[in-house]
Amino acid sequence: MTLDLKARVSQMRYESPTVLSLELVPAEPGERFPDYGPGAHIDLELGGTLRRSYSLHALPDGARYAIAVHRAPDSRGGSAFVHDRLRVGDLVAISRPKNNFRLDETAEHTVLIGGGIGVTPLLCMARRLTKIGASWTFHLAARNRSSAALLVDLTALHGAGGTVVAHFDDEAGGFLDLAQVVKSAPADSHFYCCGPIPMMNAFKAATSKVNSRFVHVEYFSAQDEVAREGGFEVVLARQGRSLFIPPGKTILEILVHEKVNVPFACSNGVCGTCETHVLEGTPDHRDSFLTDDEKAGNASMMVCCSGSRTARLVLDL
């Protein structure tokens, strides 16, 4: 996505020892931000070289965007930059909101399941469902109370139209039983899940027999390792150029080095920003964005994390 909006950091506060929330306002007085639906995210440019995607957790009002950033222990620069270097008053370039995790507001009942920083898009959904008077239940999972980000905001919604069920591993003596959560939900419920990979895998197993139309997921971290095997040629069809991808490098890294204009954000295959059409060849899909059917079709790929199973890959670039 193009980072064509300018924002100013107006507030920052810790929601947990590792989660920092930010409020962004338009850089120019009198301007308003574009609208969005629950589940949407924006991209931020950090330090001029990094782009990262963050979900919006407040309802849209045109005056501000609210995000939360978890400082990952293995941060590749994004979360570390936000926590260590970004300060109130700083200007940042951001994208317009994009939504790959849309809420179905017509559902009879909605079950929201969030763990870690995955609560952010779901909190926005809970706020929207409360506003329209819909039926919902939010299952929050965290290791302990102190690590549960945005817990105050979430519990404030309890009883205002929906139900919040908080599960803390240390108090419960184990992980949230997602199979039981799914089994006990009202008939025809829509299920939404966002959280760490073990939770996502457990959710996938728990909903394996649920109609796929009622199951919605968003990944915040990659399921597979980024493809860095290299050793293949990438042909840019529109430019008439050929680039060699050496071992140790990703397609995106070479494209950026060669100043090829391609949008990107997360760099690990979860946001969908760098999706590129494939004209010839077979990608080695490593993303968590495309469906299994889409991957089998090989019509597109995420150039930030995926490689090639063939010696030559022709892209619509």
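All figures in this text were calculated on a predicted structure; none of them were measured in a lab.

A. Examining the nonpolar core more closely. Among the nonpolar cores identified, the biggest contains 27 residues, and Leu112, Leu122, Met125, Trp136, Phe138, Leu140 and Tyr192 are the most heavily contacted of them. Put simply, the parts of the chain that give this core at least two residues each are α2 (119–131), β8 (136–142), α3 (151–155), β9 (162–168) and β10 (190–195). The element that contributes the greatest number of residues to this core is α2, accounting for six residues. The residues contacting Trp136, other than those within four sequence positions of it, are His109, Thr110, Ala126, Leu129, Thr130, Leu157, Gly161, Gly162, Thr163 and Val164.

B. How the structure looks around α2. End to end, α2 covers 18 Å across 13 residues, agreeing with the expected 18 Å (1.5 Å per residue, within 8%). Burial analysis of α2 places eleven of its 13 residues in the buried class, which makes it a mostly covered element. Listed in full, the buried residues belonging to α2 are Val119, Thr120, Pro121, Leu122, Leu123, Cys124, Met125, Ala126, Arg127, Leu129 and Thr130. Following α2 by one or two positions, Gly133 has its phi on the positive side, about 75°.

C. Focus on the pattern of salt bridges. Going through the model one piece at a time under the given rule, you end up with 16 salt bridges. Linking Glu171 and Arg145 is a salt bridge whose minimum nitrogen-to-oxygen distance equals 2.7 Å. On the criterion of sequence distance, the pair formed by Glu171 in helix α4 (residues 169–172) and Arg145 in the loop between β8 and α3 is long-range, its members being 26 residues apart. Of the charged contacts in the structure, one is a salt bridge between Glu280 and Arg312, with a shortest N-O distance of 2.8 Å. Separated by 32 residues along the polypeptide, Glu280 in strand β14 (residues 275–280) and Arg312 in strand β18 (residues 312–315) bring together distant segments of the chain. For Arg312, a relative accessible area of 36% gives the class partly exposed.

D. Spotlight on the packing of aromatic side chains. Within the structure shown, the criterion is met by three aromatic pairs. Between Phe33 and Tyr65 the ring centres are 4.2 Å apart and the planes differ by 15°, which places this aromatic pair in the stacked class. Separated by 32 residues along the polypeptide, Phe33 in the loop between β2 (19–26) and β3 (41–46) and Tyr65 in strand β5 (residues 65–70) bring together distant segments of the chain. Given a relative accessible area of 1%, Tyr65 falls into the buried group. With 5.9 Å between their ring centres and 70° between their planes, Phe101 and Tyr192 make a pair best called edge-to-face. In this pair, Phe101 is assigned in the loop between β6 (91–94) and β7 (110–115) and Tyr192 in strand β10, connecting sequence segments 91 residues apart. The buried category is assigned to Phe101, whose relative accessible area is 2%. Since its relative accessible area comes to 0%, Tyr192 is described here as buried.

Procedures and definitions
- Numbering of residues begins from 1 in every chain and follows the order in which that chain's sequence is written.
- In view of the model being predicted, local features appear only for residues whose pLDDT reaches at least 70, and side-chain atom pairs are presented and counted only at 80 or more, with totals across whole chains, interfaces and linings using the full set of residues.
- Values reported for side chains reflect all heavy atoms of the structure, with hydrogen atoms and water molecules removed beforehand.
- Residues belong to a common nonpolar core when they are buried Ala, Val, Leu, Ile, Met, Phe, Trp, Tyr or Cys residues joined through side-chain atoms within 4.5 Å.
- Note on classification: 1.4 Å probe, protein chains only; a residue is buried when its accessible area is under 20% of the maximum for its type, exposed when over 50%, partly exposed between these limits.
- In DSSP terms, a helix is any run of H or I states spanning at least four residues, a strand is any run of E spanning at least two, and both are numbered starting from the N terminus.
- Residues are treated as being in contact if the distance between any of their heavy atoms lies within 4.5 Å.
- Multiplying one less than the number of residues by 1.5 Å gives the expected span of a helix.
- What makes a salt bridge here is a side-chain nitrogen of Lys or Arg within 4 Å of a carboxyl oxygen of Asp or Glu, nothing more.
- A pair of Phe, Tyr and Trp rings is counted when the ring centres sit within 6.5 Å of each other, with Trp represented by its six-membered ring. The angle between the planes then sorts it: under 30 degrees is stacked, over 60 is edge-to-face, the rest tilted.

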